[in-house]
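Summary of the model geometry
In case you want the letters, here they are:
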Amino acid sequence: MSGKINLRMATGDGENSYATNSIGQKKVILETRPVLQKAVEELYRSLPPRSTMVVADLGCSSGPNALVIISEVVSMIRAFTRGQERVAEPRAMELQFFLNDLPGNDFNVVFQVLEQFNNLAKEEKEEEEEMETTPYYVAGLPGSFYTRLLPYQSVHLFHSSYCLMWRSKVPEGLLCGTHLNEDSIYIGKTTPPAVVKLFEEQFKRDFDLFLTLRHQELVIGGRMVLTFLCRKSRDMLVHGEVGSIWELLSEALRCLVQKGLVEKKKLVSFNLPFYAPSVDEVKALIKEKPLFDIENIRLFQTNWDPHDDSDGDMVQNCASSGEIIAKGLRAVIEPLIRDHFGESVIHELFVTFTSIVAKHLEKGKAKFTVIVISLHKAMH
């Protein structure tokens, strides 16, 4: 497996695209709205009238979700401005958004959706002509968020959702063959402790770098709202935790090896550039350097099947939920799978994976653990 990772979601807007199969990610963004709203409000009140607030969404991906943050922040600023009109001179401002993702991201879909969004905003402006609107400007920003992206002290707010569990690369020890992960593509039941340590250390290096870079780019008093998959405990394979879904995909790949559809050496050499940290790991790394103060940190859970909002712990239709979950994961991981194993295995792999997930759900609902953190650039 090459050290260079061209991580990207499934492009376009077809049946298996990320744009079509990312409702779970949207629900997570909306779940964290109160945390974002508090950060935006505090920035709004700290800036002088007629300012420009700069907001960067890191790992925006493609499709409608890429514009959720724009819609949310614009609506929040408009609400704050209208509220201010009743008591004092309104603190009207302009907004500059940067939508960031890796160069392989389908920015074409992003800007097609943006055009629709802008047209809808124009219609709303005509209907509310008597009210002052909030001008906003949007630019694409291709590049890794593990590099410097923007000028020194130029950003007021960084937002990132469902991205920081992805690593800058597969751990070096796995790439060069010093360590083998054998039948797992992440941290599984058979993963040696030395390999687990490689994933942990790669996360520490990446997250430390991310915090350092963003500290340089944020203005004094700037904020970050970060949301990503994590673990409640040190245990890697608790039912529902993200490690267990990768273990099921590993099982599906092993089935293809047994059928002769995938070479064993191909499976052995494939490892995900991924690590979902424990909450304690995240807190420890933030506190290790006096770059940011933690304003808010909380955990919540989200169902593997984003369409299942039913009560209770049992899955009502395992086959249906299995198919939805498989499509959602395929939209995220298919490009990486295709680059390594080839196009020919994709259909059979996800048919097999769907069946394995459905069987797994017979144990009960599986839920990811998600962490949302609000950070404030330290003044000291």
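Since the structure is predicted, the reported quantities are computational estimates derived from the model, not experimental observations.

Quick notes on the rules
- Residues numbered from 1 in each chain as written.
- Predicted model: local features only at pLDDT ≥ 70, side-chain atom pairs only at ≥ 80, totals over all residues.
- Heavy atoms only, no water.
- pLDDT = per-residue confidence, 0-100.
- Helix = DSSP H or I, 4+ residues; strand = E, 2+ residues; numbered from the N terminus.
- Core = buried A, V, L, I, M, F, W, Y, C linked by side-chain atoms within 4.5 Å.
- Buried < 20%, exposed > 50% of the residue type's maximum accessible area, 1.4 Å probe, protein only.
- Phe/Tyr/Trp six-rings, centres within 6.5 Å; stacked < 30°, edge-to-face > 60°.
- Disulfide = S-S within 2.5 Å.
- Salt bridge = Lys/Arg side-chain N within 4 Å of Asp/Glu carboxyl O.
- Axes fitted to C-alpha atoms, helices over the stretch in contact; angles between N-to-C directions.
- Parallel < 35°, antiparallel > 145°, perpendicular 65-115°, else oblique.
- Left-handed = near helix turned anticlockwise from the far one by under 90°.
- Contact = heavy atoms within 4.5 Å.
- Nonpolar A, V, L, I, M, F, W, Y, C, P; charged D, E, K, R; others polar.

**Topic: the confidence of the model for the protein**
Residues of the protein with pLDDT of at least 70 account for 91%, and the chain-wide mean is 89. When pLDDT is averaged over each helix and strand of the protein, the minimum, 75, is found for helix H4 (residues 107-127) and the maximum, 98, for strand E4 (residues 155-161).

**Things to note about the nonpolar core**
Counting 123 residues, the largest nonpolar core has Trp246, Phe274, Ile333 and Phe353 as its most contacted members. Among the elements that line this core, the one with the most residues is helix H10 (residues 318-341), at 10 residues.

**Brief notes about the packing of aromatic side chains**
Under the criterion given, the structure shown has 16 aromatic pairs. Geometrically, the ring pair formed by Phe107 and Phe111 is stacked, given 6.5 Å between the ring centres and 25° between the ring planes. Of this pair, Phe107 and Phe111 both sit in helix H4, 4 residues apart, which is roughly one turn of that helix. Seen from their ring centres, Tyr186 and Phe274 are 5.3 Å apart, and the 90° between their planes marks the pair as edge-to-face. Residue Tyr186 is located in the loop between helix H5 (172-175) and helix H6 (193-217), and its partner Phe274 is located in the loop between helix H8 (264-268) and helix H9 (279-288); the two are separated by 88 residues in the primary sequence. By relative accessible area, which is 3% here, Tyr186 ends up buried. Ring pairing ties together the aromatic residues Phe145, Tyr146, Phe203, Phe207, Phe210, Phe228 and Tyr275, which thus form one cluster.

**Here's the deal with the state of the cysteines**
Tallied over the entire structure, the rule returns 0 disulfides. With no disulfide of its own, Cys60 has Cys163 as its nearest cysteine by sulfur position, at a separation of 8.3 Å. The class for Cys60 is buried, based on a relative accessible area of 5%. Considering cysteine sulfurs only, Cys318 is the nearest to Cys255, which forms no disulfide, with 18 Å between them.

**Describing the pattern of salt bridges**
Taken as a whole and assessed by the stated rule, the structure comprises 24 salt bridges. Notably, a salt bridge pairs Glu348 with Lys259, separated by 3.0 Å at the nearest N-O pair. Of this pair, Glu348 sits in helix H11 (residues 346-360) while Lys259 sits in the loop between helix H7 (242-258) and H8, and the two are 89 residues apart along the sequence. Shared partners join several salt bridges into a network, and the residues in it are Lys38, Glu42, Arg223 and Glu295.

**A few points about the packing of H7 against H11**
Where H7 meets H11, the closest approach of the two axes is 9 Å, and the angle between their N-to-C directions is 130°. It follows that H7 is oblique to H11 by the angle criterion. For the crossing formed where H7 meets H11, the hand is right-handed. Seen from H7, the contacting residues are Ile245, Leu248, Leu249, Glu251, Ala252, Leu253, Cys255 and Leu256; seen from H11, they are Glu348, Leu349, Phe350, Thr352, Phe353, Ile356, Val357 and His360. Residue composition of the contact of H7 with H11, grouped by class: 12 nonpolar, 2 polar and 2 charged.

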